[in-house]
Amino acid sequence: MRNKLTLNKLFVDVIFILLAIKLTFSYLDIKLGWWLRHLTPDFERYNYFGISPGFSGLVEYLMFPIILLYIIINFHKLGSLITPFLLTLFLFLFNILTSLFNSLDIISSITYTLKVCSPIYFLFVLIIHYKGSHLRLNYNLKKIIFYIIFLSIIALCFFNVSYNRGQERLPIYFSGLHTHNYILSLVFISISYFLRNRRYLLILFLLGTFYFLFFGYNVRTALIFYFIFISSMLYYKSKSFKSLFNLFLVFSPIILGFLIVIFRDFNFDEFSSGRITMYNEKINILKSYNITEFLFGRGRGSDLVTTTEWWFEKKGSHNDYLTFTIENGIIYTIIFVLTIISLLFIKNRISIFVVALVLGYLTTSVVSNGFALRPLASYLFFLICAVILTNENTEKGYD
């Protein structure tokens, strides 16, 4: 038993070390767009070890076997985690079926699903390992948060500017503009969770950090995600906000009708950076599918098309649900959604904080390539979920 506990601890320590390595070298993935072509990429200026771009992603191939081996060794401890675990196995199964029906490379297709499942399995490891010892997990989260802040400051001081929505923005460190903002929003969420009992400081912190993300980067998907969490926190902490929110729900039909009248001539396609055009293109693709293709998709890469809005290169849907349906079929998409929703029920009582996070997670996949296909951000996302779940498990006496 003692040897097994020592082995489990070794696995978890190695996983955290590999996560730190992924974060450290994620800047090698940053590509300068056409608007910043006059700048020298940071992976050329600061690549002192001569590491090839994409190294951060390769670390995934070390993390996943260790995570999976931990789960196998401790399979009897899964408990209520067994439902989401079995659902993820169906994701792999339908991924394989898609490959077989379309005569595609199975390994490549499975790799696609690893992006989705590996961070979820990381959550399982943390819940199993830190059951009843949430303080240690809190400590590990704080170390990761401080390290992310340290790397972000390095970027702010030394890295190239980024570019978004027609303007130069603050420098980024983690893989790309969206991933960097997802990670920053998660850092702010972590800090706000630790500040949850200091009401006024919490509100000031939430508003100040939202202001920072809005004017510093203006990545709408990350802002929507963070706004969902902020709203839930304010609803939880403020009676005034709760009353205002309930009043909004009562008058929502009137407000909706008013907005429809105001924005009837508004160009939503331009506002959404061509997403409406892209969605129409993808819906037309789905209309051409036969029953088998609709159930199992056409395989990885079939989502990439060139449109009149994004003429310079092939692009995906910027909607994970459309991408999953086109490439892997409607059943795969449904199982994916059920997998994420099932995480809400792994404890006897549902946490409002986890509900907000899961809702935000699912929402990011509606309006862009969300957390689901960004493992670097997803690892931090599920680390925070694990902290909340194990913390409330101890505080409230969950099973």
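Residues numbered from 1 in each chain as written. Predicted model: local features only at pLDDT ≥ 70, side-chain atom pairs only at ≥ 80, totals over all residues. Heavy atoms only, no water.

J.: What is the right way to read the overall build of the chain from this model?
T.: A tally of helices and strands in the chain yields 19 helices and two strands. Expressed as a percentage of its 399 residues, the buried residues of the chain come to 51%. A separation of at least 24 residues holds for 76% of the contacts in the chain among residues at least 6 apart in sequence. Taken as a whole, the chain presents about 19,600 Å² of accessible surface, with 67% of it coming from carbon and sulfur. (Helix = DSSP H or I, 4+ residues; strand = E, 2+ residues; numbered from the N terminus. Buried < 20%, exposed > 50% of the residue type's maximum accessible area, 1.4 Å probe, protein only. Contact = heavy atoms within 4.5 Å. Areas by Shrake-Rupley, 256 points an atom, 1.4 Å probe, with all protein chains shown as cover.)

J.: Quick question: what am I supposed to make of the packing of aromatic side chains here?
T.: Aromatic ring pairs: the centre-centre distance and the angle between the two ring planes describe each pair. For the structure shown, the criterion picks out 42 aromatic pairs. Plain terms: the ring middles of Phe 371 and Phe 381 are 5.2 Å apart, the flat faces sit at 40° to each other, and that makes the pair tilted. Taken as a pair, Phe 371 in the loop between helix H18 (352-367) and helix H19 (375-396) and Phe 381 in helix H19 lie far apart in primary sequence, ten residues in all. Take Phe 381: its relative accessible area is 1%, and that puts it in the buried class. An aromatic cluster is built from Tyr 112, Tyr 182, Phe 225, Tyr 321, Phe 324, Tyr 332, Phe 336, Tyr 361, Phe 371, Phe 381 and Phe 382, whose rings are joined through pairwise contacts. When the ring centre of Phe 194 is taken as origin, the NZ or CZ atom of Lys 142, which lies over that ring, is 4.9 Å away. (Phe/Tyr/Trp six-rings, centres within 6.5 Å; stacked < 30°, edge-to-face > 60°. Lys NZ or Arg CZ within 6 Å of the ring centre and 35° of its normal.)

J.: So what exactly am I meant to see when it comes to the environment of Phe 174 here?
T.: Within the fold, Phe 174 resides in the loop between strand E2 (167-169) and helix H8 (177-194). For Phe 174, the contacting residues outside a window of four places in its chain are Leu 23, Ser 26, Ile 30, Ile 148, Leu 151, Ser 152, Thr 179, His 180, Ile 183 and Leu 376.

J.: I would appreciate a short explanation of helix H4 (residues 60-73) in the present structure.
T.: Quick reminder: α-helices carry 3.6 residues per turn. Residues three or four places apart thus point the same way. An ideal rise of 1.5 Å per residue puts 20 Å on 14 residues; H4 measures up with 20 Å between its terminal C-alpha atoms. All of the buried residues along H4 are Glu 60, Met 63, Phe 64, Ile 66, Ile 67, Tyr 70 and Ile 71. (Expected span 1.5 Å × (residues − 1).)

J.: How should the packing of helix H5 (residues 82-101) against helix H6 (residues 106-129) be read in this particular structure?
T.: Any two packed helices are characterised by how steeply their axes cross, that is the angle between the axes, and by the distance between the axes. Packing of H5 against H6 leaves a shortest axis separation of 9 Å and a crossing angle of 170°. When the axis of H5 is compared with that of H6, the two are roughly antiparallel. On the side of H5, the interface is formed by Pro 84, Phe 85, Thr 88, Leu 89, Leu 91, Phe 92, Asn 95, Ile 96, Ser 99 and Leu 100, while H6 contributes Ile 106, Ser 109, Ile 110, Tyr 112, Thr 113, Leu 114, Val 116, Cys 117, Tyr 121 and Phe 124. In the contact of H5 with H6, the residues fall into 15 nonpolar, five polar and no charged. (Axes fitted to C-alpha atoms, helices over the stretch in contact; angles between N-to-C directions. Parallel < 35°, antiparallel > 145°, perpendicular 65-115°, else oblique. Nonpolar A, V, L, I, M, F, W, Y, C, P; charged D, E, K, R; others polar.)

J.: Please clarify how unusual backbone geometry should be interpreted in this entry.
T.: Trans peptide bonds make up most of the peptide bonds, and negative phi angles are found at most residues other than glycine. Positive phi, normally seen in glycine, also occurs at Ser 103, with a value near 55°. Within the secondary structure, Ser 103 sits in the loop between H5 and H6. In this model, Asn 218 sits at a positive phi of 55°, which is unusual for a non-glycine residue. Position of Asn 218 relative to the elements: it lies in the loop between helix H9 (199-216) and helix H10 (220-237). A relative accessible area of 13% places Asn 218 in the buried class.

J.: Hey, could you run me through helix H16 (residues 320-328) in this one?
T.: The element H16 is extensively covered by neighbouring structure, given that nine of its nine residues are classed as buried. Here H16 has its buried residues at Asp 320, Tyr 321, Leu 322, Thr 323, Phe 324, Thr 325, Ile 326, Glu 327 and Asn 328. The elements touched by buried residues of H16 are H5, H6, helix H14 (275-287), helix H15 (291-296), helix H17 (330-342) and H18. Residue Asn 319 occupies the N-cap position of H16, its side-chain oxygen lying 2.9 Å from the main-chain nitrogen of Tyr 321. A positive phi of about 100° marks Gly 329, the residue just after H16. (Polar contact = N/O pair within 3.5 Å; in protein donor to acceptor, adjacent residues only side chain to side chain.)

J.: Would you take a moment to explain the packing of H9 against H10 for this structure?
T.: The geometry of H9 relative to H10 is characterised by a closest axis approach of 11 Å and an angle of 165° between their N-to-C directions. The angle between H9 and H10 falls in the class roughly antiparallel. Regarding H9 and H10, the two cross each other, and that crossing is left-handed. Contacts between H9 and H10 involve Arg 199, Leu 202, Ile 203, Phe 205, Leu 206, Thr 209, Phe 210, Leu 213 and Phe 214 on the former and, on the latter, Leu 223, Tyr 226, Phe 227, Ile 230, Met 233, Leu 234 and Lys 237. Per-class residue counts for the contact of H9 with H10 are 13 nonpolar, one polar and two charged. (Left-handed = near helix turned anticlockwise from the far one by under 90°.)

J.: Looking at this structure, I do not really get the pattern of salt bridges. What am I missing?
T.: Counted by the stated rule, this structure contains four salt bridges. Across the salt bridge formed by Glu 60 and Lys 22, the nearest N and O atoms sit 3.1 Å from each other. Within this pair, whereas Glu 60 is found in helix H4, its partner Lys 22 is found in helix H1 (residues 2-24), the two being separated by 38 residues in sequence. Neither Glu 60 nor Lys 22 differs from the other in exposure class; each is buried. Of the charged contacts in the structure, one is a salt bridge between Glu 293 and Arg 298, with a shortest N-O distance of 3.2 Å. For Glu 293, a relative accessible area of 19% corresponds to the buried category. (Salt bridge = Lys/Arg side-chain N within 4 Å of Asp/Glu carboxyl O.)

J.: So what exactly am I meant to see when it comes to a nonpolar patch on the surface here?
T.: Taken together, the side chains of Ile 341, Phe 345, Ile 350 and Val 355 present a nonpolar region at the surface, about 320 Å² in accessible area. Its location among the elements puts Ile 350 in the loop between H17 and H18. According to the relative accessible area criterion, Ile 350 is partly exposed, its value standing at 42%. (Patch = residues over 30% accessible without salt bridge, like charges linked within 9 Å, V, L, I, M, F, W, Y side chains within 5 Å.)

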